[in-house]
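Structural overview
What follows is each chain in one-letter form.
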Amino acid sequence: SLILQYLVELIDLELQQSTNADVTLDNTISGLDASIILQYSVELVDSLPYSDTTAFFASGDISMSDDVVEPGQLIEIPLHLSNGNNIFSFEGKISFNPEHLTYDEIIWSQLVNHFTIEANSDNGEILVAGAGSEPDGQEGVFATLLFEVNDNFDADITTVSLQRLRWNEELVME
């Protein structure tokens, strides 16, 4: 849980915590490190540090759809997962214009109900990180973002975008 809180910038880790957190020994702290620690805790993995991360190759696509909005309206933006496979952890950054939208919350779907998840929103960015001891890969709504359209919204367009996404310790998708 501390690793996930660190990833969404809720806390800082002390030097020893940072050293201990990198259980995959790749010189980064990731959601997959949190997942492997969870797996170790329930005896699915028998030793730490864990060096065989080849079993954690993951894939999946997240998409959102366009919508028409009005000032004062509550809007739901579902994040759809497709082609998901072997997802033990995720880390992401979502951006929005705080002059147009007020962030309310994220509702996580049953696809990740066995994950430990942390989120943090500040100044037009939402950071999310999650880890589980069992992989996910089901297709469907991964999460739903809830916003309120600000009363002074008078622009032709506003954008909510997934700026960064990482499954396990795969390359970061921009």
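Structural data are supplied above this passage.
A short tour of the structure in this document, coming up. (Residues numbered from 1 in each chain as written. Predicted model: local features only at pLDDT ≥ 70, side-chain atom pairs only at ≥ 80, totals over all residues. Heavy atoms only, no water.)

All right, on to the pattern of salt bridges then. Side chains carrying opposite charge are able to pair once their charged atoms draw close together. Overall, the coordinates contain two salt bridges when judged by the stated rule. A salt bridge links arginine 166 to glutamate 91; the shortest N-O distance between them is 3.9 Å. With arginine 166 in strand β8 (residues 160-167) and glutamate 91 in strand β3 (residues 87-96), the pair connects residues that are 75 residues apart, well separated along the chain. Comparing arginine 166 with glutamate 91 shows no difference in burial state: the two are buried. Here glutamate 125 and lysine 93 are joined by a salt bridge, their closest N and O atoms 3.5 Å apart. Of the two residues, glutamate 125 is situated in strand β6 (residues 125-136) and lysine 93 in strand β3; the sequence distance between them amounts to 32 residues. For glutamate 125, a relative accessible area of 33% puts it in the partly exposed group. Using a relative accessible area of 19% as the deciding quantity, one classes lysine 93 as buried. (Salt bridge = Lys/Arg side-chain N within 4 Å of Asp/Glu carboxyl O. Helix = DSSP H or I, 4+ residues; strand = E, 2+ residues; numbered from the N terminus. Buried < 20%, exposed > 50% of the residue type's maximum accessible area, 1.4 Å probe, protein only.)

The subject of this paragraph is the sheet that holds β3. Sheet architecture is open: four strands sit in the order β5-β6-β3-β8, paired in antiparallel fashion. Two strands lie at the open edges of the sheet, namely β5 (116-122) and β8, each paired on one side alone. Across the sheet, the mean angle separating the axes of adjacent strands is 15° when strand polarity is ignored. The strands that helix α3 (residues 31-41) touches are β3, β5 and β6; relative to β6, the one it contacts most, it runs at about 35°. (Pairing = 2+ DSSP bridges. Axes fitted to C-alpha atoms, helices over the stretch in contact; angles between N-to-C directions. Contact = heavy atoms within 4.5 Å.)

Looking at α3, one finds that the buried residues are Gly31, Leu32, Asp33, Ala34, Ser35, Ile36 and Gln39. Elements in contact with the buried residues of α3: α1 (2-7), α2 (15-21), β3 and β6. You can read the cap of α3 off the contacts: a side-chain oxygen lies 3.2 Å from the backbone nitrogen of leucine 32, and it is on serine 30. At the exit of α3 stands glutamate 43, carrying a positive phi of roughly 65°. (Polar contact = N/O pair within 3.5 Å; in protein donor to acceptor, adjacent residues only side chain to side chain.)

The strands making up a sheet associate through hydrogen bonds between their backbones, and the pairing can be parallel or antiparallel. Read from one edge to the other, the open sheet built from four strands follows the order β1-β2-β7-β4, with strand pairing classed as antiparallel. The open sheet terminates on both sides in strands that have one partner only, identified here as β1 (59-63) and β4 (101-108). Strand after strand, the sheet turns through a mean of 25° between neighbouring axes, direction not considered. As defined by bridge partners, β1 adjoins strand β2 (residues 74-85) across four bridges and the pair is classed as antiparallel. In the strand pairing of β2, serine 63 is matched with histidine 80.

Most of strand β7 (residues 140-149) sits inside the fold, with seven of its ten residues counted as buried. Pairing between β2 and β7: eight bridges, direction antiparallel. By the bridge assignment, isoleucine 77 is partnered in β7 with leucine 145. In the sheet, β4 pairs with β7 via seven bridges, with the strands oriented antiparallel. Paired with tryptophan 108 across the strands is alanine 143, a residue of β7.

Our focus in this paragraph is the side chain of glutamine 39. Structurally, the position occupied by glutamine 39 is in helix α3. Using a relative accessible area of 5% as the deciding quantity, one classes glutamine 39 as buried. Aside from chain neighbours lying at most four places away, what touches glutamine 39 is Leu44, Val45, Phe56, Phe88, Gly132 and Ser133.

Moving on, we come to a negative patch on the surface. The grouping of Asp104, Glu105, Glu148 and Asp151 at the surface amounts to a negative patch. Mapped onto the elements of the fold, glutamate 148 is located in strand β7. Judged by its relative accessible area of 35%, glutamate 148 is partly exposed. (Patch = residues over 30% accessible without salt bridge, like charges linked within 9 Å, V, L, I, M, F, W, Y side chains within 5 Å. Areas by Shrake-Rupley, 256 points an atom, 1.4 Å probe, with all protein chains shown as cover. Lys, Arg positive; Asp, Glu negative; His and termini not counted. Charge placed at Lys NZ, Arg CZ, Asp CG, Glu CD.)

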